[in-house]
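Spelled out from the first residue to the last, the chains are:
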Amino acid sequence: MISATAPGKVILLGEHAVVYGRPAIAVPVWQAVATAEVAASGAGCTLVARDLGQQWRLAEAGDDQPLALVARLALTALGLPPDPDWTITLHSTIPIASGLGSGAALSTALVRAIFARAGRDAPPAQVSAIVYESERIYHGTPSGIDNTVIAYGAPIWFVKGQPPAPFRPPQPFTLVIAHTGIASPTKTTVAAVRAAWQAAPARYEARFDAVAALVTAARGAIQRGDWPLLGMLMDENQALLEQLDVSSPVLERLIDVARGAGALGAKLSGGGRGGNLIALVQTAAAETVAAALRAGGAATVLVTTVA
Ligand code: MEV
């Protein structure tokens with residue numbers, strides 16, 4: 001049995017504006033992972049999505065099925081037959097439609113498992129390019145940041161259309177990630193921002209530029225280990241996300257809870273209108289902030305160290 005994994009992710013700053021060519025920073029979350037296992041079978045290729053209780057025969061699934069598309073692209077890239085005698089079982093601890101990149105992580109684990117089964121290395125750039133094709137089905141017009149951070153498994157500075165710049169922060173920092181309990185597909189919020197941008201392009205471009213400026217400032221703050229400044233920039237990013245109309249009362253209430261419990265800054269992360277918020281915390285305060293978010297009604301809370 002061959003298996004491969006991929007992490008979840010959060011966007012630290014810059015979501016939505018990144019779709020319009022502005023920079024964003026994303027980090028992997030290893031507390032929630034997707035796994036793909038390949039076992040020999042006698043009857044063509046079957047993909048089994050254990051958590052969804054669904055399975056597909058690869059030979060019969062269309063290219064509108066993201067996992068089937070990814071499997072097919074990986075097999076083609078490797079020059080393998082289109083329907084090998086494999087059962088590929090997929091499993092994930094990443095909540096679906098939460099902004100943690102569940103779809104991209106499953107696809108990434110799947111590609112890696114196929115490459116591993118073929119005895120081949122899976123270079124992050126190639127994995128990311130294959131997974132991007134499935135992101136287009138999940139997300140409509142994705143920037144590519146989710147598949148990139150997940151394939152590289154490292155914090156990244158990302159600008160659409162440019163090679164990603166993975167980096168290691170000189171000092172680790174701690175995030176608390178809290179799920180609102182409200183599923184919010186990224187596709188929906190990305191489409192809503194697009195419609196609003198089309199209706200008022202100058203206003204939205206100015207907001208995207210403001211996001212770009214603070215993402216750039218955040219890169220400097222991370223390099224200097226200036227966590228109070230990074231927290232402040234996250235708060236400013238949240239204010240701009242509210243102006244982009246992708247926040248929600250539940251997100252804002254939980255963000256206030258995190259700030260009130262001592263977070264240095266907090267914002268929604270990913271598509272918004274539900275899904276996750278993230279809070280930057282001093283490591284010693286992580287449990288206090290996490291407990292406050294749980295008491296405040298967050299559905300799940302994770303603490304992760306970005307290193
Ligand atoms: C989703 O994780 C981030 C968004 O900016 C969409 C994208 O970049 O494709 C909301």
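These figures come from a predicted structure and were not determined experimentally.

(A) Structural context of the pattern of salt bridges. Considering all chains together, one arrives at 9 salt bridges under this definition. A salt bridge links Asp146 to Lys9; the shortest N-O distance between them is 3.3 Å. One end of the pair, Asp146, is in helix H4 (residues 145-152); the other, Lys9, is in strand E1 (residues 2-13), with 137 residues separating them in the sequence. Neither residue differs from the other here; Asp146 and Lys9 are each classed as buried. Here Asp209 and Arg22 are joined by a salt bridge, their closest N and O atoms 2.9 Å apart. Highlighted residues: Asp209 in helix H6 (residues 201-224) and Arg22 in the loop between E1 and strand E2 (24-40), separated in sequence by 187 residues. In this structure Asp209 comes out as partly exposed when scored by relative accessible area, which is 45%. One continuous salt-bridge network, built from bridges that share partners, spans Arg22, Glu205 and Asp209.

(B) Quick look at the side chain of Gln238. Within the element layout of this structure, Gln238 appears in helix H7 (residues 227-243). By relative accessible area, Gln238 is classed as buried at 1%. With residues up to four places along the chain from it excluded, the contact list for Gln238 reads Ser247, Glu252, Ile255, Arg259, Ala266, Lys267 and Leu268.

(C) Focus on the nonpolar core. Grouped together as the largest cluster of nonpolar side chains are 98 residues, with contacts concentrated most on Leu13, Leu230 and Leu293. Discounting chain neighbours no more than four positions away, the residues touching Leu13 are Ala24, Ile25, Leu214, Val215, Ala218, Leu230, Leu233, Met234, Asn237 and Lys267.

(D) A look at the site of the ligand. Near the ligand you find 14 residues, and of these Lys9, His16, Val18, Ser143 and Asp146 are the closest. One of the side-chain nitrogen or oxygen atoms of Lys9 is found 2.8 Å away from an oxygen atom of the ligand. One of the backbone N or O atoms of His16 is found 2.8 Å from an oxygen atom in the ligand. When the ligand is considered free in solution it has 300 Å² of accessible area, and contact with the protein chains removes 99% of it. Secondary-structure elements contributing two or more residues to the shell around the ligand are E1, H4 and helix H5 (186-199). Across the shell around the ligand, the residue classes break down as 6 nonpolar, 5 polar and 3 charged.

(E) Main features of the packing of aromatic side chains. Scanning the entire structure with this criterion turns up 4 aromatic pairs. Centre to centre, the rings of Tyr20 and Phe208 are 4.5 Å apart; their planes meet at 15°, and the pair counts as stacked. With Tyr20 in the loop between E1 and E2 and Phe208 in helix H6, this pair connects stretches of sequence that are 188 residues apart. You'll find Tyr20 and Phe208 in the same group, each marked buried. A centroid spacing of 6.1 Å and a plane angle of 75° characterise the contact between Tyr204 and Phe208, whose relative ring orientation is edge-to-face. Here the residue Tyr204 and the residue Phe208 both occupy positions in helix H6, the gap between them amounting to 4 residues, near one helical turn.

(F) Looking closely at the sheet that holds strand E10 (residues 276-281). Taken together, 4 strands build an open sheet; the order of strands is E9-E10-E8-E11 and the sheet is antiparallel. Among the strands making up the open sheet, the edge pair consists of strand E9 (265-269) and strand E11 (300-306). Mean inter-strand twist for the sheet, computed between neighbouring axes without regard to direction, equals 25°. Summarising the sheet, E9 and E10 pair through 5 bridges and their orientation is antiparallel. Looking at E10, one finds that Leu268 is bridged to Leu277.

(G) Highlighting H6. Relative to the 34 Å expected for 24 residues at 1.5 Å per residue, H6 spans 35 Å between its end C-alpha atoms, a close match to the ideal helical length. By the burial criterion, the buried members of H6 are Tyr204, Arg207, Phe208, Val211, Ala212, Leu214, Val215, Ala218, Gly220, Ala221 and Ile222. Residues of H6 that are buried make contact with E1, E2, strand E6 (156-158), strand E8 (173-179), H5 and H7. Residue Gly225 follows H6 closely and has a positive phi angle near 65°.

(H) Representation of the packing of H5 against H6 within the structure. Close contact between H5 and H6 brings their axes to 5 Å; oriented N to C, the two are set at 120°. Compared by their axis directions, H5 and H6 come out oblique. Contacts between H5 and H6 involve Val193, Ala196, Trp197, Gln198 and Ala199 on the former and, on the latter, Pro201, Tyr204, Glu205 and Phe208. When grouped by side-chain class, the residues that make up the contact of H5 with H6 number 7 nonpolar, 1 polar and 1 charged.

Here is what the cut-offs are and how they apply
Residues numbered from 1 in each chain as written. Predicted model: local features only at pLDDT ≥ 70, side-chain atom pairs only at ≥ 80, totals over all residues. Heavy atoms only, no water. Salt bridge = Lys/Arg side-chain N within 4 Å of Asp/Glu carboxyl O. Helix = DSSP H or I, 4+ residues; strand = E, 2+ residues; numbered from the N terminus. Buried < 20%, exposed > 50% of the residue type's maximum accessible area, 1.4 Å probe, protein only. Contact = heavy atoms within 4.5 Å. Core = buried A, V, L, I, M, F, W, Y, C linked by side-chain atoms within 4.5 Å. Near = heavy atom within 4 Å. Polar contact = N/O pair within 3.5 Å; in protein donor to acceptor, adjacent residues only side chain to side chain. Areas by Shrake-Rupley, 256 points an atom, 1.4 Å probe, with all protein chains shown as cover. Nonpolar A, V, L, I, M, F, W, Y, C, P; charged D, E, K, R; others polar. Phe/Tyr/Trp six-rings, centres within 6.5 Å; stacked < 30°, edge-to-face > 60°. Pairing = 2+ DSSP bridges. Axes fitted to C-alpha atoms, helices over the stretch in contact; angles between N-to-C directions. Expected span 1.5 Å × (residues − 1). Parallel < 35°, antiparallel > 145°, perpendicular 65-115°, else oblique.

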